[in-house]
Amino acid sequence: MLASCVKVILHMTQKKYQGLARRSTNEVLQLYSAHSQQQKLQRSSVVIQLYGAIKRLKCDLKSLHSFALELSKDFQRQSKTYLYQVLTAVQGIQLQNEAAQMFQIKAFDLEQSLQELTERYEKEKQKRRALHNSLVELRGNVRVHCRIRPLLPFDTAAGHLVSQDRQRRFSEEVAYAADDETVLVKCSRPGHASVNKTFQFERVYSASESQDTVFADVAPLLTSLLDGYNVCIMAYGQTGSGKTYTMLGPQSEENLVFAIEDESELGIIPRATQEVFRLISEKPPGSYWVEVSVVEVYNNEIFDLLAKDSCGKVFGVKRDVVTTREGKSDVPLLTQETVENASEFLHLVNKGLQLRVRHPTLVHAHSSRSHLVVTLTIATVVSGDSFGSSWEDEQTSQRLHKEVSCTFPQKMRESKSTSSSRASSPAQLEATEKMKQIKTRLQLVDLAGSECVGMSGVTGAALRETSFINRSLSALADVLGAIAEQRSHVPYRNSKLTHLLQDSVGGDAKLLVMLCISPDQKYLTESMQSLGFGTRARQVQRGQVKKKNFPVLSKAK
């Protein structure tokens, strides 16, 4: 019974668990089915999303492909365009290179043509200048060179009798060297149009040209000295225009003599002396003597600047100028020192310069108040038989010089009677009587500057000096005017200056006038006056300059 009950219970329990198992199985199946459906739904959703994404990606790929095609087409178009531009640029560069090469060839041809034309022009200019110089020689004209100095600090310095506004307005360049033969001056007045005036001279020097350049054009005249011609070189211009610098060179502030440290700055006077002694050195030794005198014309009086007192000290002695029976000007008792080289000459000139009168003005702090005349006399002695003929034999000339040295002392200032008394034999006396002394002169003149009293501001004694300076320069202009007009009377004696320079100005010397002008506007009136003087001087016809018959001395072989 119990066993059957247990069996029943077990069977019931089994049924129960079987029912539970079936329910669990069903639930599991339902859960699995639900999970399967959920997974299907999820997969379906993912697939749908993935499909949408793929679809969008296909659209994007399609758009990208279209963009890539469009970009490729655009790149090809731009590449073609840029390639065309590059090819065009390359062709343009090639054309430009060809054009540049053609231009270079043409430029080279033009340069060669220009060089040839320039050379031809220079040759023609030299020929024209040589012909002009020959014409000047034949007609006896005065050579006129013009030098324009640069603007200097004192041109704009305070102290002039003009206002600061006027100084600024006037401190401008109005005079220029248009070329090496033409001066261009801009003339202007308030309320009037500017007018350009030109002046022609044999040579014009710009402000930048050096002392070497100036002397290079002067040097050929010095050869004429040993050829038997007198030569005179004078500097003319207003005060402060550079005359003394041109003639002497820079001057030291202490003693106002010219300095010789920098040879490139030396003026015409020291350079001319060096050139004269160089030319003499090419001749047989002892065949020439050189003497020097230094005078100044101050307040229409002549002063000998090499005269010495009893103690041997140099001091200025008043001299007079006379006209000899031959019609030549002469200064009796004038001190003439014999020099053997340029150094001795410069030493003497420096001594004389220390006595030259100077006075400061508002225009120039070291204004020269006198006309300086430095004269080099070159002498030689020839026999009467051979006068005018050539000396080919140097031994003959040496012997003749030894004979003459006894009768013509080195100083060359003793009279012939004194010389004859020293002859030691009748033969020597006879030789002395046959000797003839030949002299040529080189006069180097640094004229005092013309002055406008209103600009210089001088008073008292300086005003009197200015009056004499201006009158003597006016007398020089009158003399040249009288010669130009071929008047019967030439007023040489109106001034001691013109009387002293009578031989040089009157036609017995090759005359070179070195005009010196300032380029500044405020000196325009004085510059125009100087240019006018130079223009009138060029018109002077004095006849052919006379030549002294020097012997032709051959140098030792």
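Note that the structure is a prediction, hence the values are computed from the model and not measured. (Residues numbered from 1 in each chain as written. Predicted model: local features only at pLDDT ≥ 70, side-chain atom pairs only at ≥ 80, totals over all residues. Heavy atoms only, no water.)

Core analysis: the largest hydrophobic core is formed by 47 residues, its most contacted members being Val-183, Phe-201, Met-234, Val-513, Leu-515 and Leu-531. Mapped by element, the contributors of at least two residues to this core are β1 (143-148), β3 (182-187), β6 (231-237), β7 (289-298), α11 (461-484), α12 (496-500), β17 (510-517) and α14 (524-538). At 7 residues, α11 tops the list of elements feeding residues into this core. Apart from the residues within four sequence positions on either side, Val-513 is in contact with Val-142, Arg-143, Val-144, His-145, Met-234, Tyr-236 and Phe-533. Core analysis: the next-biggest nonpolar cluster, separate from the first, contains 45 residues, Ala-219, Ala-235, Leu-248 and Ile-268 among them. (Core = buried A, V, L, I, M, F, W, Y, C linked by side-chain atoms within 4.5 Å. Buried < 20%, exposed > 50% of the residue type's maximum accessible area, 1.4 Å probe, protein only. Helix = DSSP H or I, 4+ residues; strand = E, 2+ residues; numbered from the N terminus. Contact = heavy atoms within 4.5 Å.)

With that out of the way, let us pick up the packing of helix α5 (residues 268-281) against helix α6 (residues 342-353). Put simply, α5 and α6 touch, their axes get as near as 9 Å, and they point 150° apart. Considered as vectors, α5 and α6 are oriented roughly antiparallel to each other. As for how α5 packs across α6, the hand of that crossing is right-handed. When α5 is examined against α6, the residues Ile-269, Pro-270, Thr-273, Gln-274 and Phe-277 are found in contact with a partner set consisting of Ala-342, Phe-345 and Leu-346. In terms of residue class, the contact of α5 with α6 is made up of 6 nonpolar, 2 polar and no charged. (Axes fitted to C-alpha atoms, helices over the stretch in contact; angles between N-to-C directions. Parallel < 35°, antiparallel > 145°, perpendicular 65-115°, else oblique. Left-handed = near helix turned anticlockwise from the far one by under 90°. Nonpolar A, V, L, I, M, F, W, Y, C, P; charged D, E, K, R; others polar.)

For residues with low pLDDT, the predicted coordinates do not support detailed interpretation. Averaged over all residues, the pLDDT of the protein is 79; the fraction at 70 or higher stands at 78%. Residue range residues 158-170 is modelled with pLDDT below 50. Its contacts to residues more than four positions away, or to other chains, number 21 contacts. A low-confidence stretch, residues 386-427 stays under pLDDT 50, and its non-local contacts, those more than four residues away or across chains, total 70 contacts. (pLDDT = per-residue confidence, 0-100.)

Here we come to helix α3 (residues 211-226). With 16 residues, α3 ought to run about 22 Å at 1.5 Å a step, and its terminal C-alpha atoms sit 24 Å apart, in line with that. Remark: the principal bend of α3, roughly 35°, maps to Asp-217, with a proline, Pro-220, within the next four residues. For α3, the full list of buried residues reads Gln-211, Val-214, Phe-215, Val-218, Ala-219, Leu-221, Leu-222, Ser-224, Leu-225 and Leu-226. Directly beyond the C-terminal end of α3, a positive phi value near 105° is found at Gly-228. (Expected span 1.5 Å × (residues − 1). Bend = angle between axes of the 7 residues up to and from the residue.)

In this section: a positive patch on the surface. The grouping of Lys-15, Lys-16, Arg-22 and Arg-23 at the surface amounts to a positive patch. Along the chain, the position of Lys-15 falls in helix α1 (residues 2-139). (Patch = residues over 30% accessible without salt bridge, like charges linked within 9 Å, V, L, I, M, F, W, Y side chains within 5 Å. Areas by Shrake-Rupley, 256 points an atom, 1.4 Å probe, with all protein chains shown as cover. Salt bridge = Lys/Arg side-chain N within 4 Å of Asp/Glu carboxyl O. Lys, Arg positive; Asp, Glu negative; His and termini not counted. Charge placed at Lys NZ, Arg CZ, Asp CG, Glu CD.)

The next subject is the pairing of β7. Most of β7 is tucked away, with 10 of its 10 residues classed as buried. As judged from the 3 bridges shared by β7 and strand β12 (residues 337-339), these two strands associate in the antiparallel manner. Bridging across to β12, Val-290 finds its partner in Val-339. The antiparallel pairing of β7 with strand β8 (residues 301-304) creates a hairpin that spans 2 residues between the two strands, and Asn-299 there sits at a positive phi of about 50°. (Pairing = 2+ DSSP bridges.)

As a further point, take the side chain of Asp-304. Assignment of secondary structure puts Asp-304 in strand β8. When its relative accessible area of 0% is taken as the criterion, Asp-304 is described as buried. A distance of 3.4 Å separates the side chain of Asp-304 from the side chain of Arg-319, its partner in a polar contact. When near neighbours in sequence (up to four residues on either side) are disregarded, Asp-304 contacts Val-294, Val-295, Phe-315, Gly-316, Val-317, Arg-319, Leu-333, Leu-334 and Thr-335. (Polar contact = N/O pair within 3.5 Å; in protein donor to acceptor, adjacent residues only side chain to side chain.)

The next subject is α6. A rise of 1.5 Å per residue sets the reference length of α6, with its 12 residues, at 16 Å; its end C-alpha atoms lie 16 Å apart and thus fit the reference within 8%. Listing the buried residues of α6 in full gives Ala-342, Phe-345, Leu-346, Leu-348, Val-349, Asn-350, Gly-352 and Leu-353. For α6, the capping residue at the N-terminal end is Asn-341, with a side-chain oxygen 3.2 Å from the backbone nitrogen of Ser-343.

Let us look at the sheet that holds strand β4 (residues 195-200). In spatial order, the strands read β2-β3-β4; together these 3 strands make up an open sheet with antiparallel pairing. Whereas interior strands pair on both sides, the edge strands pair on one side only; in this sheet they are β2 (175-179) and β4. With strand direction ignored, the average angle separating the axes of adjacent strands in the sheet is 30°. Bridging between β3 and β4 involves 6 bridges; their strand directions are antiparallel. Following the sheet pairing, Thr-182 is matched in β4 by Gln-200. Those strands touched by α14 are β3 and β4, and its axis lies near 145° from that of β3.

With that settled, the discussion passes to unusual backbone geometry. Of note, the phi angle at Asn-299 is positive, near 50°, even though the residue is not glycine. Mapped onto the secondary structure, Asn-299 falls in the loop between β7 and β8. A relative accessible area of 15% means that Asn-299 is categorised as buried. For Gln-486, which is not glycine, the phi torsion reads 55° and is therefore positive. Secondary-structure assignment places Gln-486 in the loop between α11 and α12.

With that settled, the discussion passes to the packing of aromatic side chains. Within the structure shown, the criterion is met by 2 aromatic pairs. Geometrically, the ring pair formed by Tyr-236 and Phe-533 is stacked, given 3.9 Å between the ring centres and 5° between the ring planes. Placement of Tyr-236 in strand β6 and of Phe-533 in helix α14 is noted, with a sequence separation of 297 residues between them. For the pair Tyr-236 and Phe-533, a shared accessibility class is recorded, and that class is buried. Above the face of the Tyr-229 ring, Lys-510 is positioned so that its terminal group lies 4.2 Å from the ring centre. (Phe/Tyr/Trp six-rings, centres within 6.5 Å; stacked < 30°, edge-to-face > 60°. Lys NZ or Arg CZ within 6 Å of the ring centre and 35° of its normal.)

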